[in-house]
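Descriptive analysis of the structure
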Amino acid sequence: FDEAIDAGARQRERLLDDLRTMLGAPAGDASDDRAPAGRVVAHFQPQLDADGTASGVEALVRWDHPDLGLLQPVAFIDLAEEHGLLPELTERVLRQAVTQTALWRAHGHDLRVAVNLSASCLDWPRLLDVVDDVLDSRLLPASALVLEVTETGLVSDAVHGLEVAAQLVDRGIELSIDDYGTGYSSLAHLNHLPARELKLDRAFTRRLLDDERTATIVRATIDLAHELGMRLVAEGVEDEATLTALTAIGCDVTQGYWHSRPLAADDLTAWLDARALTRQPASGPAPSAR
Ligand code: C2E
Ligand code: MG
Ligand code: MG
Ligand code: MG
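Definitions and limits used
- Residues numbered from 1 in each chain as written.
- Chains lettered and ligands numbered in written order.
- Predicted model: local features only at pLDDT ≥ 70, side-chain atom pairs only at ≥ 80, totals over all residues.
- Heavy atoms only, no water.
- Core = buried A, V, L, I, M, F, W, Y, C linked by side-chain atoms within 4.5 Å.
- Buried < 20%, exposed > 50% of the residue type's maximum accessible area, 1.4 Å probe, protein only.
- Helix = DSSP H or I, 4+ residues; strand = E, 2+ residues; numbered from the N terminus.
- Contact = heavy atoms within 4.5 Å.
- Donors = N, O, S within 2.8 Å, 3.2 Å for Na, K, Ca; no water.
- Expected span 1.5 Å × (residues − 1).
- Arc of directions from axis to C-beta.
- 1 Å grid on protein atoms, 1.4 Å probe; cavity = no way out; pocket = protein on both sides within 12 Å on 5 of 7 lines; lining within 4 Å.
- Points joined across faces, edges and corners; volume = space filled by probe spheres on them.
- Nonpolar A, V, L, I, M, F, W, Y, C, P; charged D, E, K, R; others polar.

Looking at an unreviewed UniProt entry, the protein carries the name Diguanylate cyclase (GGDEF)-like protein, with the source organism given as Quadrisphaera granulorum.

Rendered as structure tokens:
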């Protein structure tokens, strides 16, 4: 048992070393295979409007580790957070997300991109500089950039968090409240946070069809979002029945495995291109009158 704990601790030590090495090295090119501790890679999951248009993507961090393969956030996010490394990680995700989305837009895919900001990133002194630098590159209009913050993130230092949020919105960036419904004082946040979007937590999506109370909460939340001028995004949509139900009750945007898992940029390019093709209005003469 002790040995197992030891092995776990050693594994974390090693991951932390690798994380520091990776983040200490210059960001480099995504095709640079020599990075000794691997590299940060943004994957992307599409978000679809009610009419089926792909209107956005969420960037989700992965760590391409030389020995361990592609690591999901659950394997390293907490470690990065504990050791103050999340801002460095997020900066890389943000830059990849903006660059890649600019490419998609140049190829006719009119997408927003959402990047996750944890609590420690809101407290990060360089956040506004990095955001300004990204916007100065003019790859992407500010209105196409969404920053997802969680309610718990805002609770940690409410006043400062709200100030930073206001400054981001001043720049034309959209804010989204991620994992909505699972944090504290949700209603206070709705009142004070200048967010454009509510992202209903997957826990609600999952129970929508099986639990009448959940369905009532989801319907009321959609109405609330709309009354406040916000769009509602449902995350974790895994089946067609849930998608149909969400669309029927006015959910604006859906995201989940039913549409697509998070994909590497090139794979999402193929997904977007294939979808655009199949969704194009049929060519040829217009159908004659009935
Ligand atoms: P999140 O922002 O709530 O992201 C949604 C998570 O749900 C993602 O997990 C996504 O892959 C997963 N997901 C999407 N559709 C479905 C579905 O239909 N069913 C199920 N069961 N899951 C689905 P992932 O990529 O493992 O990310 C987990 C969390 O890690 C994210 O939750 C976010 O809080 C955090 N995270 C990811 N990337 C970043 C980042 O760049 N920066 C920061 N600070 N946090 C990040
Ligand atoms: Mg998110
Ligand atoms: Mg979420
Ligand atoms: Mg969630």
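Picking up where we left off.
1. Observations regarding the nonpolar core
In summary, soluble globular proteins display a tendency toward joint burial of nonpolar side chains. In this structure, Phe44, Leu89, Leu94, Leu145, Leu147 and Leu168 are the most contacted members of the largest nonpolar core, which totals 75 residues. With seven residues, the top contributor of residues to this core is helix 3 (residues 86-106). Not counting residues within four places of it along the chain, the set of residues in contact with Leu145 comprises Leu94, Val98, Val113, Val115, Leu140, Ile173 and Glu174.

2. Here's the deal with the coordination of the magnesium ion (ligand 4)
Those donors, Asp179 (OD) and Glu235 (OE), are the protein atoms that reach the magnesium ion (ligand 4), and they lie 2.2 Å from it. Between the magnesium ion (ligand 4) and the magnesium ion (ligand 3), a spacing of 3.1 Å is present, and a bridge between the two is formed by Asp179. Pair noted here: Asp179 is in strand 6 (residues 174-180) and Glu235 is in the loop between strand 8 (231-234) and helix 11 (240-248), with a separation of 56 residues, a long-range link.

3. As for helix 10 (residues 212-227)
One turn of the α-helix equals 3.6 residues, which is why residues spaced by three or four share an orientation. Taking 1.5 Å of rise per residue, the 16 residues of helix 10 would be expected to cover 22 Å, and the 23 Å separating its terminal C-alpha atoms lies within 8% of that figure. Residues of helix 10 that are buried include every one of Thr214, Ala215, Val218, Thr221, Ile222 and Ala225, and no others. Angularly, the buried residues of helix 10 cover 125 degrees about the axis, an arc narrow enough to put them on a single face. Those residues of helix 10 that are exposed and angled more than 90 degrees off the buried face are Glu212, Arg213 and Glu227. As for helix 10, its buried residues are in contact with strand 6, strand 7 (197-200), helix 9 (202-207), strand 8 and helix 11. Backbone geometry just after helix 10 places Gly229 at a positive phi near 75 degrees.

4. Focus: empty space enclosed by the protein
Inspection of every chain in the model, using the stated rule, returns one cavity of 30 Å³ or more. By volume, the largest cavity amounts to about 30 Å³. Lining the largest cavity are Gln47, Val57, Arg112, Val113, Ala114, Val146, Glu197 and Arg231. Among the elements that line the lining of the largest cavity, the one with the most residues is strand 4 (residues 112-117), at three residues. Of the residues belonging to the lining of the largest cavity, the class tally is four nonpolar, one polar and three charged.

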